[in-house]
Amino acid sequence: MVLQALPQWAVRILEVILISPLIDKLSRRDFISDEEKAVLADVVAPPVTLKAGDNIVEQYDRPSRSTLLLEGFAARNVVLMNGARQITELNVPGDFVDLHSLLMSPMDHGVVCLTDCKVGYCPHEALRFISQTQPHLTRLLWLETLIDAAVHRQWLAGLGRRTAFGRLAHFLCEVYLRLASVERAQGHRMELPLSQAILADVLGLSAVHVNRSVAQLRADGLVEWSGRNIRILDWNRLVRVAEFDPTYLRLGRDPV
């Protein structure tokens, strides 16, 4: 059944369901009205499926749209002239991977699919209209870009001062809470379908160091890690060894 064959009210419900990861995340931070949900549903185009390795945005692009990640994992990355890559933030469902491209062009980094992904495109023209007509929704979206910057600061601190083990522990704490906030993880269990080579690009380590750090997490009784499936066995102790403070993720409801 195509959307055009449905009553308008049913179409609207389906559109809101499609962007539910974003709605879930925003609703945890502040109350979001039905009107604001409808506005977001109206500006996000129908989902498109991308393959692992596809570029959502290339470094130095001038995008005319921002991309909402609906399913899968993506990453912001900077590629050096010698081909070396540093991942600067992991994107999970509910993330606008390049909301800042509305004002920042050309892009100083790229965004790549780490797994097969489902995305929805949002034209910059529509985002500008939101900024002119929906002040509260604008502030919520602005907050998203501020949280992105906070994530970058934490990752920078990790690269500069945390041990390899501490970086991985901190990363797991962050990713678990971000996935849980969009109903993609629960009970201290999550799926993380990322190879150790990708984790090396995330953590600024060699694949050998990542392997050793994973082994240490297991040996210390902090996690069970089998393929893509991770179970955190002792959350409080993992938080302590990671020196993890979730304040920067802004997971509590605090009106903006």
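Reading the values: the criteria
- Residues numbered from 1 in each chain as written.
- Predicted model: local features only at pLDDT ≥ 70, side-chain atom pairs only at ≥ 80, totals over all residues.
- Heavy atoms only, no water.
- Pairing = 2+ DSSP bridges.
- Helix = DSSP H or I, 4+ residues; strand = E, 2+ residues; numbered from the N terminus.
- Axes fitted to C-alpha atoms, helices over the stretch in contact; angles between N-to-C directions.
- Buried < 20%, exposed > 50% of the residue type's maximum accessible area, 1.4 Å probe, protein only.
- Polar contact = N/O pair within 3.5 Å; in protein donor to acceptor, adjacent residues only side chain to side chain.
- Contact = heavy atoms within 4.5 Å.
- UniProt positions renumbered as here; feature names shortened; annotations may be inferred.
- 1 Å grid on protein atoms, 1.4 Å probe; cavity = no way out; pocket = protein on both sides within 12 Å on 5 of 7 lines; lining within 4 Å.
- Points joined across faces, edges and corners; volume = space filled by probe spheres on them.

You'll find the chain entered in an unreviewed UniProt entry as Crp/Fnr family transcriptional regulator, with Brevundimonas pondensis given as the organism.

Spatially, 2-6-4-5 is the arrangement adopted by the 4 strands of the open sheet, whose pairing is antiparallel. Every other strand in the sheet has two partners, leaving strand 2 (55–57) and strand 5 (85–91) as the edge strands with one partner each. Taking the axes of each pair of neighbouring strands and ignoring which way they run, one obtains an average angle of 35° across the sheet.

Right, let's get into the side chain of Ser181. Its place among the elements puts Ser181 in the loop between helix 6 (164–180) and strand 8 (189–191). What makes Ser181 buried here is its relative accessible area of 5%. Of note is the side chain of Ser181, whose polar atom sits 2.7 Å from the backbone oxygen of Arg178. In contact with Ser181, not counting residues within four places along its chain, are Asp24, Lys25, Arg28 and Leu251.

Below, the discussion takes up the pairing of strand 6 (residues 110–113). By the alternation rule, side chains of strand 6 split into Gly110 and Val112 and Val111 and Cys113, which are all buried. Sheet topology places strand 2 next to strand 6; 2 bridges connect them, and they run antiparallel. Within strand 6, the residue paired with Asn55 across the bridge is Val112. By the bridge criterion, 4 bridges tie strand 4 (residues 74–79) to strand 6 in an arrangement that is antiparallel. Bridge pairing in strand 6 places Arg76 opposite Val111.

A word on the UniProt feature "domain: HTH crp-type" (unreviewed entry) in the chain. When the UniProt feature table is mapped onto this chain numbering, "domain: HTH crp-type" (unreviewed entry) sits at residues 162–236. Along residues 162–236, the helical share is 53% and the strand share 15%, with 18 Å between the first and last C-alpha atoms.

Of all 7 residues making up strand 3 (residues 65–71), 5 are buried, and the element is well covered by its neighbours. Summarising the sheet, strand 3 and strand 7 (residues 117–123) pair through 6 bridges and their orientation is antiparallel. Among the inter-strand pairings, Ser66 is bridged to a residue of strand 7, identified as Cys122.

Note that Ile56 resides in strand 2. In the structure, Ile56 is positioned 54 residues away from Gly110 in sequence and 7.6 Å away in space, judged by C-alpha atoms. Contacts of Ile56, omitting those with residues within four sequence positions, involve Leu50, Thr67, Ala74, Val97, Val111, Val112, Cys113 and Val119.

Here we come to empty space enclosed by the protein. For the structure on display, the rule yields 2 cavities of 30 Å³ or more. In this model, the largest cavity occupies a volume close to 170 Å³. As for the largest cavity, its lining consists of 20 residues, and the residues nearest its centre are Lys25, Asp95, Glu144, Asp148 and Arg178. Elements with a contribution of two residues or more to the lining of the largest cavity: helix 2 (20–29), strand 5 and helix 5 (135–161).

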